[in-house]
Structure formats: structure tokens, C-alpha cells
Amino acid sequence: MISDISFTGVLVVAAVAFGVPLGLGLVPSLRLPAVVLEIMAGILIGPAVFGLVEMDLPLQVLALIGLAFLLFLAGLEIDLDRLRGGLLRSAAVGSALSLAVALGIALGLKAAGLIQAPLLVAIILSATSLGIVIPVLADAKQGGTTLGQLVIGGSSIADFGTIILLSLFFSRDSSSVGSTLLLISAFVVLVIAIGVALSEVERSSRLSSALRRLQDTSAQIRVRGALLLLIGFATLAQLLGLEVILGAFIAGAVLRLLDRDKLMTHPLFHTKLEAAGFGVFIPFFFVTSGMQLDVRALFAGGAAFALVPVFLLALLLARGLPAILYRPMVGNRGSLAAGLLQATSLPFIVAATGIGMELGLLSPATGAAMVVAGLLSVVLFPLGALTILRGDGKPVAVEQREGVDHAGHEPRRT
């Protein structure tokens, strides 16, 4: 019964989610992503330090929705109009090279006895936090330049590819790669069918008129529809034995495709979705991730703690080295900045290490070391990239596309 459920933990986490960005707002000179402090605050209030909050059912549900929303918004950032031509080839080759470098590093770590699942570690090292990269590019006014398009394209492919690979090889309910591949194929077919059906329904003038009439009323019909799409695809993935994050990510990508029609586009639609995600659910995922981080295991032995700089360097090599392919288009400074941005990763690391520990493929100490390395990448690499991009006060690439703003998005139409 509801009366038997305690919301004390929810209250504490909600207070942390409110206090972290407020504190950063009061100290603007402290240029740290809120997600870093949210995870750190979760560590402090969790069992590893002060033990103020335990993971209970309400927190588990909110954290799961937060993770799904995070991947949903990441999928919503995929812009297929940018992923074409030479930029697509460079970004795709760079992502493939990144996975090859990551696999080589992971095999080396396996040979040294530092890890037990090289393929899983390679997949984790190949990811990029698209949601963190895009604001950094916007801050440096590089979103619509050649450099910005390369980084966004490469990060999009990395996000999509790592989620697919994680679902293919490390789904909790799959018995073999072959069966998982069949399930993913079935999922893709169903997604295409649903997408086509929604596209046809959306063409109805009567429906479009109803959407416009209800979108800013208490119905908030577009937001409800997006939430239905998110939960529907996440549930479909779960029923097929795949990871929820795959369904959530695909839901965002499908919505991005459906939202390309002028009749469906609303200037505040994406803003409302971001408000629901980052304002309500996503902070619960990051704070509770910190609560579940086993820092005691990390600091219990010197070997585990020593893995943090190893994983940080591995991230930089795996995602940074392929940016050398961008040199002919953006120059040395641009490729260096792109490498740092592409090496920025955290949300996927948190999600994937959690799966790895549940499957017994990663020890708590190794998982904690990878998350801490991800935290450091979010703090250090974007700062380094911004320093490079602002070094001479000139854009690294000047090919600003007409009709695209500095954040890398097409202007909203009413």
C-alpha cells in the first residue's frame, strides 16, 4: 500500500538535486557540470559515507525513469541531416577506429590481469556523452561549424553504436549473441513499423489541428505523446530481453524523425521535454548512481585506485586518437579539441558499469574506478577543449551553415 512506502529518501535526493545546481549558480566561477557534483553528493549521502539514504523502491523507479529519459534525450539529439557525405564518412571511420583502439587497450588490460571482460570495457571506452558535448560546443560557438558537425556526428555514432553493442553482447536476458541479434532485428522491424504508422497518422490535418489546440493546455498533449513513445519503446525492448536504454534511445531518435515536419514542430516542445527530464527525473539517476558507487572497494586497495588514471588515459586514447582523421578539415587545434570532447563520457559509463556488475563481469572496485574516470573526463576534457577553442579568439572552422544556430540546431518554427 502507498501508506507503507516511505518518501524520505526521495525527499533527500530531491533536495540534493535542487541544491547542486543552485550552489553552482551562486558560484559561477566554479565551472563544473552539475552531474559531477550530483554523483559526488550521492556518494556522500549513500551507504559508502554518511548512510543517510538507502536505495528503496521509489528511488529505484525514479532512477530507472531518469536513465530512460537521459537516453531518450540523447536520441533526440541525433540529427540525420548532418550525418551524410564526407562528414559522415569521417565520423564513421573515426568511431570504428575508436572501437579498435579501445579493444586493443582492453585486451592489454586483460593480459595485465587488471580486468576480466575486455569486450565490455572496450564498448564502455568507446562512448561519448553527447549531452555534455553539445553544450560545450554551443558555449564555444562551434555547433554549426565543420568542427562541431564532426564532433556531433562522431559522438552520435558512438552513442548509438555502443548502445547497440551493449545490447547485442551483454543483455541480461539473452542466451547467445545469435538470439540477441534476432531480437534486435525484430525490435528494429517493430520500430520501423511503428514509426511509419505514426508518420502516416501525423499527416492527418485533423490530428495536427488537435495537437496544436492541446499542446499548450493542461493536456500538454505533445509531452504526453513523447512520454508514451519513450515508455512504449523501453517496454518493447524489455519484453524482447534487450536493454531498456536501447528502447529509450531509439524512442528519442524516432521522435526526432517525426518532429521534422513543420506541422508537428513546436518552439517549446523540446524545451518542455528537457524540463521534464533534467528538471525531474535525470537528477535522480545521477544522485542514486553515486549512492550505489562502492568507493570503499575503490580505496580498499591501491591497485583498484590506480585504475582510475589508467581508465582516464584509456578514454583519451580510445576516443581522442581517431580525431586525427579530422585534421585535413579543422586543423591541428581543431582535431585536438575534437579529441578531448569525444573522450568526454559519463552517463553511458554509469549505466554500462551497472550492467557489468549485475552480470558479474566487473568487480565493484573496477566499476567504481571507471565511473570516477568518467567524472574526471567530464571535468577536465571539456575545459581543455574550451581553452583550445578560445585560445586565439577565432573559430576553428568557419563553415557556418545557413539556417543553423550556434547550438547546432535548426531554428524552431512556430
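Structure report, in brief. Counting of residues starts from 1 at the beginning of each chain's written sequence and follows it residue by residue. Side-chain atom pairs in this predicted model are given and counted only at pLDDT of 80 or more, local residue features only at pLDDT of at least 70, and totals for whole chains, interfaces and linings cover all residues. Only hydrogens and water are set aside; all other atoms, that is, all heavy atoms of the structure, feed into the side-chain values.

**Points about the overall build of the protein chain**
Logical step 1: Under the scheme used here, helices are H or I runs from DSSP no shorter than 4 residues and strands are E runs no shorter than 2 residues, and both carry numbers assigned from the N terminus. In terms of helices and strands, the protein chain carries 17 helices and zero strands.
Logical step 2: Only heavy atoms matter for contacts: two residues are in contact if any of them lie within 4.5 Å across the pair. Taking contacts inside the protein chain between residues at least 6 apart in sequence as the whole, the part at least 24 apart equals 79%.
Logical step 3: Methods summary: accessible areas were calculated by the Shrake-Rupley approach with a probe of 1.4 Å, and residue burial reflects only the protein chains presented. Within the structure as shown, the protein chain displays about 18500 Å² of accessible surface, and the carbon and sulfur contribution to it stands at 69%.

**As for the packing of helix α3 (residues 57-76) against helix α10 (residues 221-239)**
Logical step 1: Here the axes come from fitting lines to C-alpha atoms, over the contacting stretch only for helices, and the angles between their N-to-C directions go from 0 to 180 degrees. Running from amino to carboxyl end, α3 crosses α10 at an angle of 105°, the nearest separation of the two axes being 11 Å. Taken together, the axis directions place α3 and α10 in an arrangement best described as roughly perpendicular. Of the residues in α10, those touching α3 at Ala 68, Phe 69 and Phe 72 are Ala 226, Leu 227 and Leu 230.
Logical step 2: When grouped by side-chain class, the residues that make up the contact of α3 with α10 number six nonpolar, no polar and no charged. Note that the term roughly parallel is reserved for angles under 35 degrees, roughly antiparallel for angles over 145, roughly perpendicular for angles of 65 to 115, and oblique for everything else. Residues are grouped as follows: Ala, Val, Leu, Ile, Met, Phe, Trp, Tyr, Cys and Pro are nonpolar; Asp, Glu, Lys and Arg are charged; all remaining types, including Gly, are polar.

**So, the side chain of Gln 215**
Logical step 1: Along the chain, Gln 215 turns up in the loop between α9 (205-214) and α10.
Logical step 2: The rule is simple: take the accessible area with a 1.4 Å probe, protein chains only, and divide by the maximum for that residue type; under 20% is buried, over 50% is exposed, in between is partly exposed. When its relative accessible area of 9% is taken as the criterion, Gln 215 is described as buried.
Logical step 3: A polar contact is formed between the side chain of Gln 215 and the side chain of Arg 222, at a distance of 2.4 Å. Counting of polar contacts relies on pairs of N or O atoms within 3.5 Å, with two restrictions inside protein: one atom must be capable of donating a hydrogen and the other of accepting it, and residues adjacent in sequence are counted only when both atoms are side-chain atoms.

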